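# Descriptive structure summary
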Amino acid sequence: MPRDTDNGEGPQGPKHVAIIMDGNGRWAQARGRPRLFGHHAGARRVREVVEACPDLGIKYLTIFAFSTENWKRTQVEVAGLMSLFRRYITKETRALKERGVRVRFIGDRVRLDPKLIDLMDRLEKETAHNDLVHLTIALNYGGRDEVARATRRLAEDVAAGRLKPEDVDEETLPRYLDTCVLPDPDLVIRTSGEARISNFLLWQSAYSEYEFIDTLWPDFTAAELERLCRNYGRRERRFGAVGS
Ligand code: IPE
Ligand code: IPE
Ligand code: MG
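Remember, predicted model here, so these are calculated numbers, not experimental data. (Residues numbered from 1 in each chain as written. Chains lettered and ligands numbered in written order. Predicted model: local features only at pLDDT ≥ 70, side-chain atom pairs only at ≥ 80, totals over all residues. Heavy atoms only, no water.)

## Some thoughts on the site of ligand 1
Surrounding ligand 1, one finds 13 residues, the nearest of these being Asp22, Gly25, Arg26, Arg35 and Arg73. Arg26 is positioned such that a nitrogen or oxygen atom in its side chain is 2.7 Å from an oxygen atom of ligand 1. Relative to its free-state accessible area of 380 Å², ligand 1 is covered by the protein chains to the extent of 86%. Most atoms of ligand 1, that is more than half of them, are within 2 Å of grid points of the largest pocket. Of all the secondary structure elements, the ones that give two or more residues to the shell around ligand 1 are α1 (24-29), α2 (35-56) and α3 (75-98). Looking at the shell around ligand 1 residue by residue, the class counts come to three nonpolar, five polar and five charged. (Near = heavy atom within 4 Å. Polar contact = N/O pair within 3.5 Å; in protein donor to acceptor, adjacent residues only side chain to side chain. Areas by Shrake-Rupley, 256 points an atom, 1.4 Å probe, with all protein chains shown as cover. 1 Å grid on protein atoms, 1.4 Å probe; cavity = no way out; pocket = protein on both sides within 12 Å on 5 of 7 lines; lining within 4 Å. Sits in = over half its atoms within 2 Å of the grid points. Helix = DSSP H or I, 4+ residues; strand = E, 2+ residues; numbered from the N terminus. Nonpolar A, V, L, I, M, F, W, Y, C, P; charged D, E, K, R; others polar.)

## A short note on the site of ligand 2
As a structural note, the neighbourhood of ligand 2 is formed by Ile20, Met21, Asp22, Phe64, Ala65, Phe66, Asn70, Arg73, Arg190, Arg196 and Ser198. At a separation of 3.2 Å, an oxygen atom of ligand 2 approaches a polar side-chain atom of Asp22. Taking Arg190, its side chain carries an N or O atom lying 3.3 Å from an oxygen atom of ligand 2. Within the complex, 79% of the 390 Å² of free accessible area of ligand 2 lies under protein. Most atoms of ligand 2, that is more than half of them, are within 2 Å of grid points of the largest pocket. When residues in the shell around ligand 2 are grouped by element, the largest group, three residues, is from strand β2 (residues 60-67). Looking at side-chain class alone, the shell around ligand 2 contains five nonpolar, two polar and four charged residues.

None of this, on its own, says anything about what the molecule does.
What follows is the structure in structure tokens.
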């Protein structure tokens, strides 16, 4: 029986972990296989990571699955990824429901296939009553795109007289972001040795701790997540103040 994550015990681990799941292509290449082989192996890692969350005290897990820039890849890779997302949702719905996982998607849906959008909507609805782990999947997500879309909606509210320009402050914009119901990530992990954030959660990660690790995403394990959570517990987050 999974236990609740809000137990208040033990060292302070991250409540919200966000992961840039990178390195699938290189993992496949190292095995002489096509890139999509790596993406399938990568998708299979997600379940173990989600299942590890309750014991690590992680209430929110956000994963970067497809960026607004990833459309630049070959048509074969993009189509393969889109079909993988459809398969992932169909295959994982039952386990996610049973394990108390609430799933949300962030990103711009407009460019996605209607069949995929339908599956995403259904998974969100079918898991809406769950509360053990909140899994957010960033699909056709870009931080700049998200801020631009949020700003557009904010401007519409100003134009319609629902919001005064002088009332816009740091608390206002996040209410228009795709992540409006989520806390900011405490820890952002990027696999595959690249030390960049590639347009992920730009606003939300302003004060997140970062871990850039060499492991390629298809090799990432729950044990590694646990190690990173322990490291996080040893860091002092100062938020601009003086340390203790
Ligand atoms: C991450 O792996 C998955 C997506 C971006 C969809 P990559 O496909 O970027 O793998 P590398 O970086 O080429 O190894
Ligand atoms: C970031 O990885 C996007 C995802 C993991 C979905 P990329 O592989 O697309 O990022 P870049 O191109 O190396 O910056
Ligand atoms: Mg990559």
